[in-house]
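Chain residues, written in single-letter form:
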Amino acid sequence: MSVYNGDQYLRESIESILNQTFTDFEFIIIDDGSVDCSWQILSEYADKDRRVKLFKNEENIGLTKSLNKGLKLAKGEYIARQDADDVSLPERFNKQVELLDKSPEVVLVSCNIDWIDSEGRFIGKQPRECDRDLVAWYLLFYNHVAGHSQVMFRQKPVSDLGGYSEDYRYSQDYELWSRLSKVGDIVILSDALLQQRRHDKSISSAKQLEQDTYSLSNSKHNIKQLLGEELSLEELNALRGFWLGHWYSPFFPSSQKVSSIHSRLKEIYRIFLHKAAQQNNCNSDLSLRLRIRIGQQFAYWFRNLSLRQELLSKFKISLYMLVWHPVALLDCWLKEIEKVLSRISQILVLPGFREQ
């Protein structure tokens, strides 16, 4: 854990680690030049629990360098991460260690996440579980692992990769997961084992624009590595919006881009499958499952559009849904017809209409 002026939520965060049902760990905490009460709080816990190992940076060096410092100090085979304002649920370490112990091919395990507000109240979920061989696909476009606080990974492969890239001030986790996915499997458990706090002072809130810039840079690098071609920022944003829109519909790109998105996805899909087969990392049904997922994303986009105002766009998207996943197309239009019939039925039973 790296801490910088985190005294507001620090006690709850630390106690969530110390109260894990799995108890055999060292808790390395690096104070990155805090000027609030963080060091006093950390010292209090270090005095009470021998597992807490404190280190203090003489000046603020930033999260990425602090994390690399922590990696070098760590003695454990597995490394767990948590930010100083989040809360791990008691079974988190136990479930993650259990998976890593029995699955040597897995280099990182994550989980689903619950969101809490500044007062600790539940405000939503962040479901990210998926088939393990789809994680590398999603990482091409965005950080599907979603955050940093909920992961546990093997120390050796991460150290062999050189740890976190210090070229990345933000989104250093996404950049590392992208490299790590090439040397082993990443598994996302369906359990929600972390409560991620959403508040105005969090890095995600305060530095959103800069964080997005680093994240997009990593996506551009990922896709260039795969295709051997650098995408424009406009095209990259369209592809990312295509994948993120079902979580937040304004991310969906303009429907005018549907043809170019389809063409680029078809190219990425073909090369991704080819490379997976070369690496013997391609299950027999991976092609089908990818086609279904792409078709489902077109379906989410379709449902986001108004039938009355964007009928032509719905037809355009339908054509590509038909190419990727015909069943999704049938389901979407059946639901649209049901909506129309329901509206007609409501009109017919209106008192004024019946009198006419």
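Everything that follows concerns the structure shown earlier in this document.
Caption draft 1: Spatial organisation of the sheet that holds strand β3 (residues 52–56). Read from one edge of the open sheet, 3 strands run β1-β2-β3, paired in parallel fashion. Looking at which strands have only one partner, the edges of the open sheet turn out to be β1 (2–3) and β3. Where strand β2 (residues 27–31) lies against β3, 5 bridges are found, and the strand directions are parallel. From the neighbouring strand, Ile29 faces β3, where its bridge partner is Leu54. Where helix α1 (residues 10–18) meets the sheet, its contacts fall on β1, β2 and β3, and the angle it forms with β2 comes to roughly 160°. The sheet contacts of helix α3 (residues 63–73) involve β1, β2 and β3, and relative to β2 the element is tilted by about 145°.

Caption draft 2: Quick peek at the nonpolar core. Membership of the largest hydrophobic core comes to 42 residues, with the highest contact counts inside it found for Trp137, Phe141, Leu265 and Phe298. Only α5 (135–139), α9 (208–227), α10 (233–244), α11 (258–278), α12 (286–304), α13 (311–324) and α14 (326–348) provide two or more residues apiece to this core. Ranked by residue count, the leading element in this core is α11, at 9 residues. Phe298 has contacts with Phe242, Val258, His262, Leu265, Ile317, Tyr320, Met321 and Trp324, leaving out every residue within four places of it along the chain.

Caption draft 3: Expanded view of helix α7 (residues 172–180). Most of α7 sits inside the fold, with 8 of its 9 residues counted as buried. Among the residues of α7, Gln172, Asp173, Tyr174, Glu175, Leu176, Trp177, Ser178 and Leu180 are the ones counted as buried.

Caption draft 4: Quick peek at α11. A rise of 1.5 Å per residue sets the reference length of α11, with its 21 residues, at 30 Å; its end C-alpha atoms lie 30 Å apart and thus fit the reference within 8%. If you check which residues of α11 are buried, you get Val258, Ile261, His262, Arg264, Leu265, Ile268, Tyr269, Ile271, Phe272, Leu273 and Ala276. Tucked inside the fold, the buried residues of α11 contact α5, α9, α10, α12 and α13. Of the residues trailing α11, Asn280 is marked for its positive phi of about 55°.

Scoring rules and cut-offs
- Residues numbered from 1 in each chain as written.
- Predicted model: local features only at pLDDT ≥ 70, side-chain atom pairs only at ≥ 80, totals over all residues.
- Heavy atoms only, no water.
- Pairing = 2+ DSSP bridges.
- Helix = DSSP H or I, 4+ residues; strand = E, 2+ residues; numbered from the N terminus.
- Contact = heavy atoms within 4.5 Å.
- Axes fitted to C-alpha atoms, helices over the stretch in contact; angles between N-to-C directions.
- Core = buried A, V, L, I, M, F, W, Y, C linked by side-chain atoms within 4.5 Å.
- Buried < 20%, exposed > 50% of the residue type's maximum accessible area, 1.4 Å probe, protein only.
- Expected span 1.5 Å × (residues − 1).

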